[in-house]
Amino acid sequence: MVGLCRLSCDAPASDVVTALERDGGVIVEAFLSTTTLAGLRRDLLPLLERQSTGRDGFAGFKTRRLSALFAHTRHCVEIATHPLYLGPAEHFLCRSREVWVGNDRLSLAADIRIGVTQAIQLAPGQGAQPLHRDDTAFLWRHPTEGREGRVQIICALSDFTAENGGTLVIPGSHLWDDARKPELSEAVPTVMKAGSALIFLGSTFHAGGANTTASEYRTAAGLALDASNVRQEENMYLSLSSEQVATYPEQIQRLLGWSAGTNHMGWVEIDGQMVDPIHLLRSDSSSVLKGVGAGRHT
Ligand SMILES: O=C(O)CCC(=O)C(=O)O
Ligand SMILES: [Fe+2]
């Protein structure tokens, strides 16, 4: 199985686009500056250590996750705005559509939002995650014909090897239809040095690999850039305080967006787990901390 293409950090953004269009994923070597890599490690590693491990097979029973990264480190700015990530993400996410508004034929395009931020640390003994597409949460249709909902990045904060769980990717799987089942035998591990990054499309099948080492931790900082049409139009989270939302029946609370739904959009991190935000509105939120699993699907 042929691995993903590797580009250097001075490659033109068009090379990233070409590789993503062909393979669905690409490795950019030395993506992070040494200062940013050191800063991310300094800010995130001690916090990750304090997180509880996952409570389902997808999140990983020997995996620690830390979300809300912009609350914990300013070094995420370099990841989100890197020209080899943001530029190609615009190419895939901001495709325009021709629409009628009255007599006017308008060209409308989505712009970009940060959809998820998460550091992920696989401990020795963590098995491979199920192969999945990260745009599953959007119930995106495949093939996408180039119109993606998400462009994801996983920056290596430690070296990634085939043995310590370097992300498994199935090159070319972004072109598959929704009927085709991914097989582990089709996946290749991402091998890269700390500071390098794996960029892939939301439609590409991938998974955290198995960490079969005796003592190595595989640590990553991941971020997703999403098309801005995948969200509520009115910003309910700023329009109503959580105290106001709490006065409504649960059905309205969920309709206002305080729900992660069955496709698990809108989770919030509590105690290291990705949980349904409805728990934050309950006076007794202890049930969350006792282990209401998130069951995240992407
Ligand atoms: O940890 C990894 O390498 C990938 C994790 C992942 O794909 C996910 O949690 O959605
Ligand atoms: Fe994923």
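What counts and what doesn't
Residues numbered from 1 in each chain as written. Chains lettered and ligands numbered in written order. Predicted model: local features only at pLDDT ≥ 70, side-chain atom pairs only at ≥ 80, totals over all residues. Heavy atoms only, no water. Donors = N, O, S within 2.8 Å, 3.2 Å for Na, K, Ca; no water. Helix = DSSP H or I, 4+ residues; strand = E, 2+ residues; numbered from the N terminus. Buried < 20%, exposed > 50% of the residue type's maximum accessible area, 1.4 Å probe, protein only. Polar contact = N/O pair within 3.5 Å; in protein donor to acceptor, adjacent residues only side chain to side chain. Contact = heavy atoms within 4.5 Å. Patch = residues over 30% accessible without salt bridge, like charges linked within 9 Å, V, L, I, M, F, W, Y side chains within 5 Å. Areas by Shrake-Rupley, 256 points an atom, 1.4 Å probe, with all protein chains shown as cover. Salt bridge = Lys/Arg side-chain N within 4 Å of Asp/Glu carboxyl O. Axes fitted to C-alpha atoms, helices over the stretch in contact; angles between N-to-C directions. Parallel < 35°, antiparallel > 145°, perpendicular 65-115°, else oblique. Left-handed = near helix turned anticlockwise from the far one by under 90°. Nonpolar A, V, L, I, M, F, W, Y, C, P; charged D, E, K, R; others polar.

### A closer look at the coordination of the iron ion (ligand 2)
Looking at the metal site, the iron ion (ligand 2) is ligated by H132 (NE2), D134 (OD) and H206 (NE2), spaced 2.1 to 2.2 Å from it. Taken in chain order, the donor set of the iron ion (ligand 2) reads H-x1-D-x71-H. Taken together, the residues D134 in the loop between β6 (112-122) and β7 (150-156) and H206 in strand β11 (residues 206-207) connect sequence positions 72 residues apart. A relative accessible area of 4% means that H206 is categorised as buried.

### Observations concerning the side chain of S158
With respect to the element layout, S158 can be found in the loop between β7 and β8 (168-169). Among the polar contacts listed, one links the side chain of S158 to the backbone nitrogen of T219, at a separation of 2.9 Å. Once you skip the residues sitting within four places of it in the chain, S158 turns out to touch R41, K193, A194, Y217, R218 and T219.

### Observations regarding a nonpolar patch on the surface
Taken together, the side chains of F70, V77 and I114 define a hydrophobic patch exposed on the protein surface, amounting to about 240 Å² of accessible area. Along the polypeptide, F70 turns up in the loop between β3 (63-67) and α3 (76-81).

### Concerning the pattern of salt bridges
Summed over all chains, the structure comprises 13 salt bridges. R42 is the partner of D43 in a salt bridge, and the nearest nitrogen-oxygen pair spans 3.7 Å. We note a salt bridge from E183 to K181, for which the minimum N-O separation is 3.2 Å. Residue classification places E183 among the partly exposed positions, given a relative accessible area of 35%.

### Some words on the packing of helix α1 (residues 13-23) against helix α4 (residues 86-93)
Running from N to C, α1 and α4 cross one another at 50°; their axes reach a closest spacing of 8 Å. By the angle between their directions, the pair α1 and α4 is classed as oblique. Between α1 and α4 lies a crossing whose hand is right-handed. Across from A13, V16, V17, L20 and E21 in α1, the residues of α4 making contact are P88, H91 and F92. In the contact of α1 with α4, the residues fall into six nonpolar, one polar and one charged.

### Focus: unusual backbone geometry
Along the chain, H142 connects to P143 via a cis peptide bond; the corresponding omega equals 0°. Among the secondary structure elements, P143 is positioned in the loop between β6 and β7. Backbone geometry places L139, a non-glycine residue, at a positive phi of 55°. Relative to the helices and strands, L139 is located in the loop between β6 and β7. Although it is not a glycine, H264 sits at a positive phi angle of roughly 60°. Relative to the elements of secondary structure, H264 occurs in the loop between α7 (250-255) and β13 (268-270).

Read these as spatial facts, not as claims about activity.
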